[in-house]
Amino acid sequence: QVQLVESGGGLVQPGGSLRLSCAASGSIFSIYAMGWYRQTPGKERELVAAITSGGSTNYADSVKDRFTISRDNAKNTVYLQMNSLKPEDTAVYSCNADVRGTNGWRKNYWGQGNQVTVSS
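Described below are features of the structure shown in this document.

The rules behind these values
Residues numbered from 1 in each chain as written. Predicted model: local features only at pLDDT ≥ 70, side-chain atom pairs only at ≥ 80, totals over all residues. Heavy atoms only, no water. Helix = DSSP H or I, 4+ residues; strand = E, 2+ residues; numbered from the N terminus. Buried < 20%, exposed > 50% of the residue type's maximum accessible area, 1.4 Å probe, protein only. Contact = heavy atoms within 4.5 Å. Polar contact = N/O pair within 3.5 Å; in protein donor to acceptor, adjacent residues only side chain to side chain. Phe/Tyr/Trp six-rings, centres within 6.5 Å; stacked < 30°, edge-to-face > 60°. Lys NZ or Arg CZ within 6 Å of the ring centre and 35° of its normal.

Some thoughts on unusual backbone geometry
Phase 1 of the analysis: Its identity as a non-glycine residue notwithstanding, Asn76 has a phi of 50 degrees, on the positive side.
Phase 2 of the analysis: With respect to the helices, strands and loops of the structure, Asn76 is situated in the loop between strand E7 (67–72) and strand E8 (77–82).
Phase 3 of the analysis: According to the relative accessible area criterion, Asn76 is partly exposed, its value standing at 24%.

Right, dumping it as structure tokens:
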């Protein structure tokens, strides 16, 4: 079994910054892509940013030039640095990892979700 544990959410003023972390642990053989998604009430979950095991990244247009995704493969951890935050960035942020377990099975896992609120 694999677990994803997130940290770093909270309340921040517009223009501020936050850094989210998501650490994967358990019966991991390898991790392919990792990513961050967000969801607000009444809306579908949307991809915010993703990163491959090789470091290639892609971002939602709404966060380009403000958010940066990175990962530490040795620690099985993905980060999301969020700068110049706007009220419309308020959402529950969840990390996702495409994992091949030690049993050989490949599966998607989700973190527990972290509230990010941007408000003055």
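Following the structure, the description resumes.
What to know about the environment of Arg38
Phase 1 of the analysis: Topologically, Arg38 is positioned in strand E4 (residues 28–39).
Phase 2 of the analysis: Residue classification places Arg38 among the buried positions, given a relative accessible area of 7%.
Phase 3 of the analysis: Arg38 sits 34 residues away from Leu4 along the chain, and the two C-alpha atoms are 16 Å apart.
Phase 4 of the analysis: If we ignore the near neighbours within four places in the chain, the residues touching Arg38 are Glu44, Arg45, Glu46, Val48, Ser62, Val63, Phe67, Asp89, Ala91, Val92 and Tyr93.
Phase 5 of the analysis: There is a polar contact of 3.3 Å between the side chain of Arg38 and the side chain of Ser62.

Things to note about the packing of aromatic side chains
Phase 1 of the analysis: Under the criterion given, the structure shown has one aromatic pair.
Phase 2 of the analysis: Look at Tyr37 and Trp110: their rings are 5.0 Å apart centre to centre, the planes differ by 65 degrees, and that puts the pair in the edge-to-face class. With a gap of 73 residues between them, Tyr37 in strand E4 and Trp110 in strand E10 (residues 106–110) connect regions that are remote in the sequence.
Phase 3 of the analysis: Overall, the relative accessible area of 23% leaves Tyr37 in the partly exposed class.
Phase 4 of the analysis: Across the ring face of Tyr32, the terminal group of Arg106 is positioned such that the distance to the ring centre comes to 3.7 Å.

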